[in-house]
Amino acid sequence: MNFRTFRMKSLMVVTGICLSFLLASAATAAEYTSVKSDGVNIRSGPSTNDEVLWEVFQGFPLEIIKHDGKWAQCQDFEGDKGWIHSDLLSADKTVIVKKKMANLRAGAGTNYETVATVKYGVIFTAVEKDGDWLKVKHEDGTVGWIFNTLIWPSDPM
């Protein structure tokens, strides 16, 4: 094989590897959702006959891992996995505070005043994104900006 043929084959292999990586990355984009109402069961399998593992409330954010008919396998912000019926899911983009305490700010940056101090487990609706900051709204009407490492999912939008 001459140098030109070798170079062309090498280029094709590298291009193929890059294309495969891009397709795999696109296919594995996380799917986030939230729960429609209070008192929803997360189960050990995709059936109402499967054991209830825990109960979630309206707005609770979940990552969908896979679908099985009308059921979705999900994971929460603590890494717990289970199954939920798809009819109980909402398209609303919510986030949950994953740190013990976090500051909600008046703008996207640490140079803005603190609007509120929020605790672990508080749920917000995602409103807008600005770099690594997310504008969020609480059900009580409080609005502010929070840094993405303080919430889960860190990029719901």
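Refer to the structure presented above.
As the structure is a computational prediction, the values presented were derived from the model and not from experiment.

Visitor: Explain the overall build of the protein to me, please; I cannot follow it from the model alone.
Guide: Secondary structure summary: the protein contains 1 helix and 14 strands in total. For the protein, the residues scored as buried account for 32% of the 157 residues in total. Across the protein, every contact between residues at least 6 apart in sequence was considered, and the portion connecting residues at least 24 apart equals 48%. Accessible surface, the protein: about 9,700 Å² in total, of which carbon and sulfur atoms supply 52%.

Visitor: Where do I start with the environment of R43 in this structure?
Guide: Tracing the backbone through its elements, the reader meets R43 in strand 2 (residues 40-43). What makes R43 buried here is its relative accessible area of 13%. Separated by 10 residues in the primary sequence, R43 and L53 place their C-alpha atoms 5.2 Å from one another. Setting aside anything within four residues of it in sequence, one finds R43 in contact with T48, D50, E51, V52, L53, W71, G82 and W83.

Visitor: Would you mind showing me how to read the packing of aromatic side chains here?
Guide: For any two aromatic rings, the description comes down to two numbers: the centre-to-centre distance and the angle of the planes. Enumeration over the complete set of coordinates arrives at 5 aromatic pairs. With 5.6 Å between their ring centres and 85° between their planes, Y32 and W152 make a pair best called edge-to-face. Placement of the pair is Y32 in strand 1 (residues 31-35) and W152 in strand 14 (residues 151-152), with a sequence separation of 120 residues. Residue W152 is classed as buried on the basis of its relative accessible area, which comes to 13%. Summarising the aromatic geometry, the rings of W133 and F147 are spaced 5.3 Å apart at their centres and angled 70° between planes, so their arrangement reads as edge-to-face. Of this pair, W133 sits in strand 12 (residues 133-137) while F147 sits in strand 13 (residues 143-147), and the two are 14 residues apart along the sequence. These aromatic residues form a ring-pair network of at least three members: F57, F60, F77 and Y120.

Visitor: Hey, could you run me through the layout of surface pockets in this one?
Guide: Over the atoms rolls a probe the size of a water molecule, and in doing so it shows where empty space is left. Counted as a void, the largest pocket has a volume near 350 Å³. The wall of the largest pocket is formed by 16 residues, among which Q58, G59, I123, T125 and E139 lie closest to the centre. Broken down by element, the residue count for the lining of the largest pocket peaks at 3 residues, all from strand 11 (residues 123-130). Of the residues assigned to the lining of the largest pocket, the class counts are 5 nonpolar, 7 polar and 4 charged.

Visitor: What am I meant to see in a negative patch on the surface here?
Guide: Together, D38, E55, E139 and D140 make up a region of like negative charge exposed at the surface. Examined against the element boundaries, E139 turns out to sit in the loop between strand 12 and strand 13.

Visitor: Help me understand the environment of E51, please; the structure alone is not making it clear to me.
Guide: Following the sequence through the fold, E51 ends up in the loop between strand 2 and strand 3 (52-56). Classification of E51 as exposed rests on a relative accessible area of 54%. Spatially, the C-alpha atom of E51 lies 9.3 Å from that of N41, the residues being 10 residues apart in sequence. With sequence-adjacent residues up to four places away left out, E51 is seen in contact with I42, R43 and S44.

Visitor: Would you mind going over the nonpolar core with me for this structure?
Guide: Across soluble globular proteins, nonpolar side chains have a tendency to be buried as a group. Within the largest apolar cluster, 16 residues are counted, with the highest numbers of intra-cluster contacts made by V35, F60, L62 and I84. The set of elements that each furnish at least two residues to this core consists of strand 1, strand 2, strand 4 (61-68) and strand 5 (71-75). Those residues in contact with F60, other than ones at most four positions away along the chain, are T33, S34, V35, D76, F77, T94, I96 and I123. Of all hydrophobic cores here, the second largest spans 11 residues; its members include A102, V118, F124 and L134.

Parameters at a glance
- Residues numbered from 1 in each chain as written.
- Predicted model: local features only at pLDDT ≥ 70, side-chain atom pairs only at ≥ 80, totals over all residues.
- Heavy atoms only, no water.
- Helix = DSSP H or I, 4+ residues; strand = E, 2+ residues; numbered from the N terminus.
- Buried < 20%, exposed > 50% of the residue type's maximum accessible area, 1.4 Å probe, protein only.
- Contact = heavy atoms within 4.5 Å.
- Areas by Shrake-Rupley, 256 points an atom, 1.4 Å probe, with all protein chains shown as cover.
- Phe/Tyr/Trp six-rings, centres within 6.5 Å; stacked < 30°, edge-to-face > 60°.
- 1 Å grid on protein atoms, 1.4 Å probe; cavity = no way out; pocket = protein on both sides within 12 Å on 5 of 7 lines; lining within 4 Å.
- Points joined across faces, edges and corners; volume = space filled by probe spheres on them.
- Nonpolar A, V, L, I, M, F, W, Y, C, P; charged D, E, K, R; others polar.
- Patch = residues over 30% accessible without salt bridge, like charges linked within 9 Å, V, L, I, M, F, W, Y side chains within 5 Å.
- Salt bridge = Lys/Arg side-chain N within 4 Å of Asp/Glu carboxyl O.
- Lys, Arg positive; Asp, Glu negative; His and termini not counted.
- Charge placed at Lys NZ, Arg CZ, Asp CG, Glu CD.
- Core = buried A, V, L, I, M, F, W, Y, C linked by side-chain atoms within 4.5 Å.

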